[in-house]
Structures are given as C-alpha cells and as structure tokens.
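# Observations on the model geometry
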Amino acid sequence: MLLAVYNMSSKEKTPFFKRELSGLRPYSNVYFLYATLAVVTVSAVAFSVGLLVGKSVFTTKSSSQAAWGANVVDGGTSVSVLSWIDDQLLTTNIRNNLQSLTVLPHIAGSPQNMKLAQDIYTQWVNYGFDDVQLVNYSVLLSYPNTSNPNVLLLKNVTGDTIYSAHTAQETPLTPGENDSTVAMPFNAYSGSGSATGRLVYVNYATIDDFLYLTTNLSLNLTGRICIARYGAIYRGDQAHLAQMYGCSALIIYSDPEDYAPSGTLVYPNGPSLPPYGLQRGSLLEPEGDPLTNGVPSLDGVFRESYNSVMASGEVPSIPVQPIGYGDAIYFMSQTFIQVNNYQEQRTIYDVIGTIYGQVEPDQMVILGNHRDAWVFGAVDPNSGTAVLQEMARAFGTLRTKGWRPGRSIVLCSWDAEEYGLIGSTEWVEERQKVIGANTVAYLNVDSAVEGSSSYLYIGASPLLYQVIYSAAKMVKCPNQGFDTLYDEWLQYSPVTLNGTTQPEIYSLGAGSDFTIFLQLMGISCADFEYVNTTSYAVYHSVHDNFYWMTNFGDPSFTHHQAMGLMWFKTAILLATTPVLPYDPRDYAISLQNILASFVQQYGAVLQNQNISMEYIADELEQFVTASVTFWNQLQTAASNTSISERALRILNNKLMNLERAFIIPEGLPGRQYKHVIFAPSSVDSYASATFPGLSDAIFSALHPTPSVPPDWDEVRRQSDAVRVHIRYATQVMKQPGLEYLT
C-alpha cells in the first residue's frame, strides 16, 4: 500500500507516491498507550493503569481511582465497573423492554411515540439520574393522506385500469399487524401530484445508473416514470437524481434478489420480506427540521415556506411511492401514479438524562438512540432502545451504590430520526456551543441487532479505534466458536494495515444521529450495530415487529445483551479514564491510507490538469511527526505521578480539539456538512466520502453539463481546504502548554 508521507530519517524529500511509513509502528498490544484496557481485572489497584503499559497511575486527588469512577463498592468490595456490568444487563429485561416498546406503531409526531417518551422520562427519573429533561420541538413532518390514499395503477392502451398496487396497506400476516394506526405505505416529503406514462427501469437509481442510461444508451428520461429498486444508496438521493434527470415520478420497490433471495423463507415462515411487504422512508436531504435549517425549531424562529424548501432541492417535487415486489412485476408498461401525502407541523420529544461526573462534570460522554419507528420498529430502532433502557437501569443501580463517573454520562432518546435525524439535530443546534466545547465523544446505536447470524459492524472516528477494540475484547461473544466480540469481529471483517490484521472500522457517512455531532461540531463519534450476514429484509415494513425478532432476529436476546455491554464499556472507558484513551497516530494512518487511495484513483486526472497532491503530502508529513511526538508526550506526562489537573485538561483538550480542527466553518460547497476528511457522499448520504469537498469537485469537473462547465479551479480550492485543515490539526497537537505550567 502506498503511504503518503516523507521518510523522516532523511532531510531530503522523497516523492510522495514512494514515501515509506516512518515514526508509526504497526498496531500492537505493547505499543499502544492504552491497549491493556482489554485486560483490566477486578483486582486492579487502579483502573487508570489500563491507560498505560508499565506506567504509574495518576495519584493526585482528582485523578485517583475513586474520583474517576473506575470502581464501584458492591457488597463491601471495590470492583471494576467494567467487570461488575457483565452480570447486570439481563436478556429477560431487554426482551420485556422491546415487547413494551413495540406493542403499537409509534411514528414520530404520534400520541404513542409521545407516550413512550413520557415513559422513558419517568423511568430515568426513578433510576436516580441527576437531571432528566423532556425536550420538545415543533417541526414539519410528512404523512400519507388516509382520506385520499396514494394510488398506483397499471392501465391499458385505452386507459382502463387493469391492476392496482397495494398502496393502502401491507397485507397483515401475524396478529397485531392489522392495526388502524399503521401508517399507509409512503415516502415522507414526497412531492404531491400525479403522473402518467411508460416506465423506465433505472436499477438502483445511482448516479452511475443514470449516467449509463443517458450517456451509454442515449435515453432521454424527461417526463418518464422511473422504477428503481431499493438499496445501494439513500432513497432521498434516488429521488433527487430521478428529478435531476427529468423523471416525472419515481416508484421504488424492494427487489426479491435483495430482500427475499432464492431458497429463503419469507415472513411469517422465515425472516425474508413477503411479496407485498415494503419499505417506508424519508426523502429529506438535509438533516433537521426542513423549515429551520441551521437553527433550532424554537417558538418564534423564522420558518421557510415549504415551496422554497422544494425549490432548493432539499425535498423532491416529483411524486415518489414505495411498493413491494409482488406489485412491481406488473409495472413495466403504461402507469398512473397519484401521491397525496401532506406536511404538518407537529411536536416531537427528546428525552435527555444525565449522570454528572465528579472530576470533570462539564465534560460529557453522550450515548444516543432514536425511539420513533415507521411502524413497530422491533429492529429499527427499538432493538437499540430496549438495550438503552436496560443500560439506564444499570446506571441507576450504580448510583444507588454511591458511584459517579469522572466525566458526565448523558443518555439520549431521540425523536423523528426516521424523518431526517430531526430530534438530535434540533437538540444539537440549540446547544451547539456547550456541546461543541464539552463533548468528549458521541456513541450511537440505532438498530442494535439485525439478526442472530450477525457480527459487529462499527463506524467511527479514527481517534476512537483503540478504545473500541479494547471494549470488544472485554465482551463475551454470544456466538459459538469465539471467546470475545473482538475475535468474531476479526473473523468477519479483517483488514491489514502496516502488516497487522485487525477488525475493520468504517468511515462514518450519515443516516443516523451521529451525523450532526460529527458534521457540525467535529465531535469524535462511533456507530455500533450487529448486522446480519444476510439482509435485514423487513426494514421499515409492518413486519419489523416483536414476532420477527423473537422468531428470526434474536430469540435469545444474547446479541442484544452483547451490544449493551459493548456500548456500556466503551462509555465507561471514556468517562473514567483520566487521559482520554485516544491515539492520534490512528488518525495519521487513516489519512495516509486516504491519500494513497485518492492518488491511485485520481492521480493521473489531476496530473493532466497540473494539480499536485504534494502540498497535502507535505502537511501530512508534519501531521504524522506531530502525532508521534504528541503520543510520546502523553506517555511522559502520564508517567508523572504528580501530574496536575491543569496538565490533564491541556492534554485532553488537545485530544478533543484534534477532530474539531477538520471542521470548515463555511461548510462544504453547497452542503450543510463541514468535515473536510469524512462526510456523506454527495450522491449517497448513507455512504462516507473521504476528502469529500475535493471528491465532489473532481466529479463535477469530470462530468460537466451544458450549464455547468468543468471547474478545475474549484478542485484546486478544495485541495487547499484539505491541506490547511490538516495543518490546523497539526497545530493543535503541537501547541505548547505543559512546559510552562508552574
């Protein structure tokens, strides 16, 4: 693999495409500062020793084991919280939580979802949290029109209807599904109106699919109704691209190849999607309330008109409707579609519970899961909610024993995530200065468990890699053949970097509530999930319910339990370790690999335009050097048994601000995202793009239109943005401080 750094042992520059890695060693348990976190035992004298290999613990009052909350006194014995929790998260409780959460549909803005928020609020108060808030926002949501349902008709040449799709209701197949409060099949924020015409199949409706149809096949899609299959990219991007290429409407169906593969049983006899099951979902492009983009939806705040939101392209103006594959097989000729969805201002409710730290109460480790579901939501999102509730109970038990963490722990139950991450976005927008200054990390779980034949799938900021690995090594694997989650994860998702194989951690795009924390605030984030080895076929359908989970998903609830332990232990490591367990060298390695891949993909194109990546490589060399120096500084400071609170704060501020240095205040061109290293792809909001502004600029230059000619100067500007923000991050690590303390 190409490594885009200089050979630091030489004063001469080596061409950046030939440079060797220097100053960074492969991952190893003896080299990383906090690798021994994975083997902390009950008999440990001080938990903070896990932060070092062979180094002394902090002995000042503020840095003692008791103050930081690494241990809890249980039955007269001081034990590690990381060990204590192993017997506390109970599968029976998680199962009961999920059953209660999924009794009724609870779409955002509904009375049932408000009731669940109130129930969670009451439970957290009873668990003894220091502060619990029920926070509400008035936001614009979208619903199907029950008095004038959407229709999709197949017509013959004389205009007579010969087939009508199941657009009023999915076929109920198990008790409980035939509920009057089940939302009709719809895509939120679809344009309203009708269209008639012949269909054109556009595969997954990706940018490559549309380019192939219009360029390779020379098809004119203007005025055509497109039919696409779900998957590959975010459905909102499918609608955006269909409208951009002139389609008059879009039909999206769940293809049996993806959701009911040959040889699998369909629901209710198996986990796969039945013929008339279908996927609801939002089409909103930016996160948050569409009428108050960038500011919280407070009373009296100016709200844009919905027409202006449509005109900006944030929601489609063309009608969009989901169907099942049982209907899709009929729609390959003259079609009529009528969508009558409407938008309405409704109140949503976030629940925020806090246990304050006793050393750094202003510093927060935030854990979040959304509560709202398109229907019953046994997987998405309430497998995560059921786990969050059991964790909340465990935190309450710790509080009854007099325990406090060193840093504050904040639990969040978000609302209206399904519509476009609205609850989390509004909360962060309202409190962004406090959150930006004081949040250590945000840990997200959306769908905790997609099935029992599953493995860990984690996306995270590079700074969090090692603490995540440490937590995974502490959790017993629920599947046979593996001792720990780490072992199983390594088996399913191995990646080799610098000669060492470890589980792969993916870059974060968007699609869940971590987005606003990373993309607006520059907070290091992680997103945890137990993904199925086959597809999660009942996604956003009426069949994602308690029956499915208890029969096909995770009947034993042991995977839920393992996810809870993984989530809990990661939070504890972050909240009870004096020096934050981050390794800046991981960011250096990630940047090296990103640049190497980027050069491999675009190097020849850029060279033809006389655009050099040398300047980025130069800055990356400095970043690598600074990351190693900073790492050594962390070790030296930590070995000082008289380290002061001021020194701790200086070190931790540097670690926190490293991620924030990659935020560009004005945002990426034409987008609300601000992270110059990682952001959602401009043509697939679910996927992560690296060097996103630069990638978008190159793509636009390579695919000009009559109205938008190639702009290679924009490529140069975005290259400069990457370069200077890597420099900013280097400056954060190099800033003096400790040497001047008295």
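What comes next is a walk through the structure. (Residues numbered from 1 in each chain as written. Predicted model: local features only at pLDDT ≥ 70, side-chain atom pairs only at ≥ 80, totals over all residues. Heavy atoms only, no water.)

Now for a nonpolar patch on the surface. On the surface, Tyr121, Val125 and Leu134 cluster together to form a nonpolar patch covering roughly 210 Å² of accessible area. Structurally, Leu134 is set in strand 3 (residues 131–143). Judged by relative accessible area, which is 32%, Leu134 ranks as partly exposed. (Patch = residues over 30% accessible without salt bridge, like charges linked within 9 Å, V, L, I, M, F, W, Y side chains within 5 Å. Areas by Shrake-Rupley, 256 points an atom, 1.4 Å probe, with all protein chains shown as cover. Salt bridge = Lys/Arg side-chain N within 4 Å of Asp/Glu carboxyl O. Helix = DSSP H or I, 4+ residues; strand = E, 2+ residues; numbered from the N terminus. Buried < 20%, exposed > 50% of the residue type's maximum accessible area, 1.4 Å probe, protein only.)

Bringing the pattern of salt bridges into the picture now. Enumeration over the complete set of coordinates arrives at 22 salt bridges. Asp258 is paired through a salt bridge with Arg229; the nearest N and O atoms lie 3.7 Å apart. Placement of the pair is Asp258 in helix 7 (residues 256–259) and Arg229 in strand 9 (residues 225–229), with a sequence separation of 29 residues. With relative accessibility at 21%, the residue Asp258 sits in the partly exposed group. For Arg229, a relative accessible area of 11% gives the class buried. Here Arg649 makes a salt bridge to Asp362, at a shortest N to O gap of 3.3 Å. Residue Arg649 is located in helix 21 (residues 645–660), and its partner Asp362 is located in strand 15 (residues 360–370); the two are separated by 287 residues in the primary sequence. Residue Arg649 is classed as partly exposed on the basis of its relative accessible area, which comes to 26%. Among the ionic contacts, a cluster of salt bridges with common partners joins Glu360, Asp362, Arg407 and Arg649.

Another aspect to go through is the sheet that holds strand 21 (residues 525–532). With respect to topology, seven strands assemble into an open sheet ordered 3-14-16-15-17-21-18, the strand pairing being mixed. The sheet is open, and its two borders are formed by strand 3 and strand 18 (454–460), each paired with just one other strand. Sheet twist, expressed as the average angle between the axes of neighbouring strands with direction ignored, equals 20°. Inspection of the sheet shows strand 3 paired to strand 14 (residues 342–355) by 13 bridges, in the antiparallel sense. Bridge assignment links Tyr137 to a residue of strand 14, and that residue is Ile348. Where helix 4 (residues 111–126) meets the sheet, it contacts strand 3, strand 14 and strand 16 (407–414), and its direction lies at approximately 10° from that of strand 14. Along the sheet, helix 18 (residues 558–576) contacts strand 15, strand 16, strand 17 (439–449), strand 18 and strand 21; its crossing angle with strand 17, the most-contacted strand, is approximately 180°. (Pairing = 2+ DSSP bridges. Axes fitted to C-alpha atoms, helices over the stretch in contact; angles between N-to-C directions. Contact = heavy atoms within 4.5 Å.)

With that settled, the discussion passes to helix 4. With 16 residues, helix 4 extends 23 Å between its outermost C-alpha atoms, agreeing within 8% with the 22 Å of an ideal straight helix rising 1.5 Å per residue. Residues of helix 4 that are buried: Gln112, Asn113, Leu116, Ala117, Ile120 and Trp124. Angular distribution of buried residues about the axis of helix 4 spans 145°; they occupy a single face of the element. Away from the buried face of helix 4 by more than 90 degrees, exposed residues Pro111 and Asn126 are located. Where helix 4 terminates, the next one or two residues include Gly128, which has phi positive at roughly 90°. (Expected span 1.5 Å × (residues − 1). Arc of directions from axis to C-beta.)

Before going further, it helps to examine the layout of surface pockets. Approximately 1,400 Å³ is the volume attributed to the largest pocket. Lining the largest pocket are 44 residues, with His240, Met244, Ser682, Val683 and Ser700 sitting closest to its centre. Elements supplying a minimum of two residues to the lining of the largest pocket: helix 5 (207–216), helix 6 (235–244), helix 22 (692–702) and helix 23 (712–734). Sorting elements by how many residues they give to the lining of the largest pocket places helix 6 first, with seven residues. Residues that form the lining of the largest pocket fall into these classes: 21 nonpolar, 16 polar and seven charged. Size it by volume and the second largest pocket reaches roughly 1,200 Å³. Lining the second largest pocket are 48 residues, and of these Glu450, Gly511, Glu529, Tyr539 and Tyr686 lie nearest its centre. Among the residues forming the lining of the second largest pocket, the class breakdown is 21 nonpolar, 16 polar and 11 charged. (1 Å grid on protein atoms, 1.4 Å probe; cavity = no way out; pocket = protein on both sides within 12 Å on 5 of 7 lines; lining within 4 Å. Points joined across faces, edges and corners; volume = space filled by probe spheres on them. Nonpolar A, V, L, I, M, F, W, Y, C, P; charged D, E, K, R; others polar.)

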